[in-house]
Amino acid sequence: MSQPLASMTGYARAYGAVAGASFACEVKSVNGRGLDVRLRLAPGFDSLESDIRQLIGKTLTRGSVTLNLTVERQGAGGELYLNRQALDTVLAALDELKGRVEANPPSLDGILALRGVLEQRDSALDEDGEALQAAILDGVSQALVDLAIARRQEGSRMATILLDRLLEIEALVARAEAHPARSREGILARLRQQIADLGSDTGLSEERLAQEALLLATKADIREELDRLTAHIAAARQLIATGGAAGRRLDFLAQEFNREANTLCSKSNAVELTAIGLDLKAAIDQLREQVQNIE
């Protein structure tokens, strides 16, 4: 069964409250080569990291994902904790700087305000705390579902853009296919015109001209490139129709599109055909730019 394309860009949030506490979960994603997860969890909830990573892995396959979790607990402010190791490090650094830097010694308030010296720790979670953890995981799951929906909606819009780019590429391929410069007759006529422009008798027979025209037509033959471009268009449309995690395969196809367009330009024997090749490259670049954000 086909699935819609999904973008790697999206945003969702979920809120909840239980056991005298409330929480907010915000999750956003942007494009990435793989699945890169960054978690910012409220103090005291680091134990949820493994479960949250598993939930993300089950829902998403690609993208740079950032999840923020904030928790407000009523009547359970926790306790202040003096990190003696951090304090000793700060005091040792101050002793080392004495006599080397002219400055007033820092105040006690200033030392305690340094990050990591004085920490606030939530009190141990009781049964109500376990209920809060379960509610948080449910909220994360809902936020991820909403994120996946947002990514599919964006992917649907991007699929329309991709199909428009493929139509443009297809039209340019058809123009290259029909261009008279590709035919031996067109090349022969151009040779005759060039000889006439010289204004002198070169002594070339019609048979020799025909041979030269055939040789030039063989060197400038883009039949293989046109056939491959047509095949790539069909393959890209099939991937878009099938949907799912097609981003990497579409990106590979976009690279192949560009390869064929480059070869077409290098083989071109007419200014008009080169212009078509350059238009092809521009349309392919636009296609690939959109593909970069497909899951």
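Just above sits the structure.
Below is a short write-up of the structure. (Residues numbered from 1 in each chain as written. Predicted model: local features only at pLDDT ≥ 70, side-chain atom pairs only at ≥ 80, totals over all residues. Heavy atoms only, no water.)

## A closer look at empty space enclosed by the protein
Logical step 1: The tally for this structure, following the rule as stated, stands at 1 cavity of 30 Å³ or more.
Logical step 2: In this structure, the largest cavity spans a volume of roughly 40 Å³.
Logical step 3: Every residue along the wall of the largest cavity is listed here: Ala236, Leu250, Leu253, Ala254, Phe257, Leu287 and Val291.
Logical step 4: Broken down by secondary-structure element, the contributors of at least two residues to the lining of the largest cavity are α8 (247-267) and α9 (271-291).
Logical step 5: For the lining of the largest cavity, the element with the highest residue contribution is α8, accounting for 4 residues. (1 Å grid on protein atoms, 1.4 Å probe; cavity = no way out; pocket = protein on both sides within 12 Å on 5 of 7 lines; lining within 4 Å. Points joined across faces, edges and corners; volume = space filled by probe spheres on them. Helix = DSSP H or I, 4+ residues; strand = E, 2+ residues; numbered from the N terminus.)

## Quick look at the side chain of Glu225
Logical step 1: Position of Glu225 relative to the elements: it lies in helix α7 (residues 223-242).
Logical step 2: Setting aside its immediate chain neighbours within four residues, Glu225 contacts Glu260, Thr263, Leu264 and Lys267. (Contact = heavy atoms within 4.5 Å.)

## Some details on the environment of Ile284
Logical step 1: Mapped onto the fold, Ile284 is located in helix α9.
Logical step 2: Residue Ile284 is classed as buried on the basis of its relative accessible area of 0%.
Logical step 3: Between the alpha carbons of Ile284 and Leu166 there is a distance of 8.4 Å; along the sequence they are 118 residues apart.
Logical step 4: Apart from the residues lying within four places of it in its own chain, the contact partners of Ile284 are Ile169, Ala254, Phe257, Asn258 and Ala261. (Buried < 20%, exposed > 50% of the residue type's maximum accessible area, 1.4 Å probe, protein only.)

## Digging into the pairing of strand β1 (residues 10-18)
Logical step 1: Relative to strand β2 (residues 21-30), β1 is paired through 9 bridges, and the arrangement is antiparallel. Along β2, the bridge assignment pairs Tyr11 with Lys28.
Logical step 2: Linking β1 to β2, which pair antiparallel, is a turn of 2 residues; within it Ala19 sits at a positive phi near 55°. (Pairing = 2+ DSSP bridges.)

## Remarks on the sheet that holds strand β4 (residues 63-73)
Backbone-to-backbone hydrogen bonds pair the strands of a sheet. The strands run either parallel or antiparallel.
Logical step 1: If you trace the 4 strands from one edge of the open sheet to the other, you get β1-β2-β4-β3, paired in mixed fashion. In this open sheet, the two edge strands, each paired with only one partner strand, are β1 and β3 (35-40). On average, each strand axis in the sheet is inclined to that of its neighbour by 15°, with strand direction left out of account.
Logical step 2: Of the strands in this sheet, β3 and β4 touch helix α1 (residues 49-59), which is tilted by about 145° from β3. (Axes fitted to C-alpha atoms, helices over the stretch in contact; angles between N-to-C directions.)

## Notes on α8
Logical step 1: The terminal C-alpha atoms of α8, which comprises 21 residues, lie 31 Å apart, in line with the 30 Å expected from a rise of 1.5 Å per residue.
Logical step 2: Along α8, the residues classified as buried are Gly247, Leu250, Asp251, Leu253, Ala254, Glu256, Phe257, Glu260, Ala261, Leu264 and Cys265. (Expected span 1.5 Å × (residues − 1).)

## Here we look at the packing of α7 against α8
To characterise two packed helices, one gives the angle between the axes of the helices and the distance between these axes.
Logical step 1: Direction vectors running N to C along α7 and α8 enclose 160°, while the axes themselves pass 10 Å from each other. Classified by the angle between their axes, α7 and α8 sit roughly antiparallel to one another. Seen along the crossing, α7 lies across α8 with a hand that is left-handed. Listed contacts from α8 to Glu225, Leu226, Arg228, Leu229, His232, Ile233, Ala235, Ala236, Leu239 and Ile240 of α7 are Arg249, Leu250, Leu253, Glu256, Phe257, Glu260, Thr263, Leu264 and Lys267.
Logical step 2: When the residues that make up the contact of α7 with α8 are grouped by side-chain class, the tally is 11 nonpolar, 2 polar and 6 charged. (Parallel < 35°, antiparallel > 145°, perpendicular 65-115°, else oblique. Left-handed = near helix turned anticlockwise from the far one by under 90°. Nonpolar A, V, L, I, M, F, W, Y, C, P; charged D, E, K, R; others polar.)

Taken by themselves, the reported measurements are silent on function.
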